[in-house]
Each structure stands twice: as C-alpha cells, then as structure tokens.
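For reference, the chains in residue letters:
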Amino acid sequence: MAKYSKEFKYSIMMKMMPPLNQAVSEIARETGLSEATLHQWRKQARTKGMAVPSGEQEVERWSTQDKFLIMMETALLSEVELAEYCRSKGLYVEQVQAWSDACMQANGGVAQQATRLQKDLREKDREIKT
C-alpha cells in the first residue's frame, strides 16, 4: 500500500469538497488513485467532521450528513463570516440557514416525543402500582 502525505490527501479532499464537488470517479481518472482508496479517504474525512459530498453538483441533493456537517462548521460564524464561507463553497447563506432550521426542528420533534413517552411510562407505572 502506498503511503501518501497529509498534504496530498488534503489536496484530493479539497477536490471533493465545495465548490468543486468532483466525483470520486473523475478524481480517480485524473490521479490514478483507486476509487476504493478515495472512498476510504472521504469516509475518514467525514468521521473527522468534514463535509465531503459524493460528487453531487446540486447542493439540495447532498446527503443529510453533508448538510449537517456544513451546518456544524458554520454554527458559530458571524453573518459576515458565514457569507464569506458560503461564497468560498459556492453555497447560499439561505441554504445553510434552512439546513440549520431543519436540524433544529428534527431535534425538537425527537425531544418532544421522548418527553411524551416518559410521561406515558410514568402514568402506566402509577396505574400498575394502584
């Protein structure tokens, strides 16, 4: 197995990330690296919290994981920093804000459901004891 420098791997990952969003197959043809190696590197990058879309040019078709990672990367940015980040990635501020809103709503629904289930369990427990 060939050993590649961190800098080389990073340069390849940058090709997979916005705004380029190059497909793994395209990068494999350009570099001579195997697609399996590139998929492994992308998987490792995702586990480290990097948003690495699957070569999908249409942002709205990105995986929810990639959208979530972008949202996490931008969560603490000011409006100016967010705008700059979005320009550099080929995104719109409104897209990132919509992903953030969707994430908050999804988590809110889970929390509400968990609270309701806990309440139901307590009521059933009281019924059994009486």
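Residues numbered from 1 in each chain as written. Predicted model: local features only at pLDDT ≥ 70, side-chain atom pairs only at ≥ 80, totals over all residues. Heavy atoms only, no water.

### Considerations on the packing of aromatic side chains
Phase 1 of the analysis: One pass over the structure, following the stated rule, counts four aromatic pairs.
Phase 2 of the analysis: On the numbers, 5.3 Å between centres and 25° between planes, the contact of Y4 with F8 is stacked.
Phase 3 of the analysis: Measuring from centroid to centroid gives 6.2 Å for F8 and W41, while their planes differ by 85°, and the two rings are edge-to-face. Of this pair, F8 sits in helix α1 (residues 6-16) while W41 sits in helix α3 (residues 35-47), and the two are 33 residues apart along the sequence.
Phase 4 of the analysis: The exposure class assigned to F8 is partly exposed, which follows from its relative accessible area of 29%.
Phase 5 of the analysis: What links up through ring pairs into an aromatic cluster is the set Y4, F8 and W41. (Phe/Tyr/Trp six-rings, centres within 6.5 Å; stacked < 30°, edge-to-face > 60°. Helix = DSSP H or I, 4+ residues; strand = E, 2+ residues; numbered from the N terminus. Buried < 20%, exposed > 50% of the residue type's maximum accessible area, 1.4 Å probe, protein only.)

### Focus: the pattern of salt bridges
Phase 1 of the analysis: In the structure shown here, the tally under the stated rule is three salt bridges.
Phase 2 of the analysis: Measuring nitrogen to oxygen at the nearest pair gives 2.9 Å for the salt bridge that ties R46 to D66. Within this pair, whereas R46 is found in helix α3, its partner D66 is found in helix α4 (residues 64-74), the two being separated by 20 residues in sequence.
Phase 3 of the analysis: In this structure, the salt-bridge partner of D125 is K129, at a minimum N-O distance of 3.5 Å. (Salt bridge = Lys/Arg side-chain N within 4 Å of Asp/Glu carboxyl O.)

### Some words on helix α2 (residues 24-31)
Phase 1 of the analysis: All buried positions along α2 are accounted for by V24, I27 and A28. In a view along the axis of α2, the buried residues occupy a sector of 105°, so they form one face of it.
Phase 2 of the analysis: Looking at the buried side of α2, the elements it contacts are α1 and α3.
Phase 3 of the analysis: The positive-phi residue at the C-terminal boundary of α2 is G32, with phi of around 85°. (Arc of directions from axis to C-beta. Contact = heavy atoms within 4.5 Å.)

### Section: the side chain of K67
Phase 1 of the analysis: Structurally, the position occupied by K67 is in helix α4.
Phase 2 of the analysis: In this structure, K67 is in contact with V59, E60, W62 and W99, ignoring residues within four places of it in sequence.

### Looking at the environment of R46
Phase 1 of the analysis: With relative accessibility at 16%, the residue R46 sits in the buried group.
Phase 2 of the analysis: In this structure the C-alpha to C-alpha distance between R46 and Q65, which are 19 residues apart in sequence, comes to 8.6 Å.

### A short note on the nonpolar core
Phase 1 of the analysis: Ranked by size, the top nonpolar core spans twelve residues in total: I12, M13, M16, M17, V24, I27, A28, L33, L38, W41, A45 and V52.
Phase 2 of the analysis: Elements represented by at least two residues in this core include exactly α1, α2 and α3.
Phase 3 of the analysis: What L38 contacts, discounting residues up to four positions off in sequence, is I12, M16, V24, I27, A28 and L33.
Phase 4 of the analysis: Listed in part, the eleven residues of the second largest apolar core include W62, Y85, C86 and L91. (Core = buried A, V, L, I, M, F, W, Y, C linked by side-chain atoms within 4.5 Å.)

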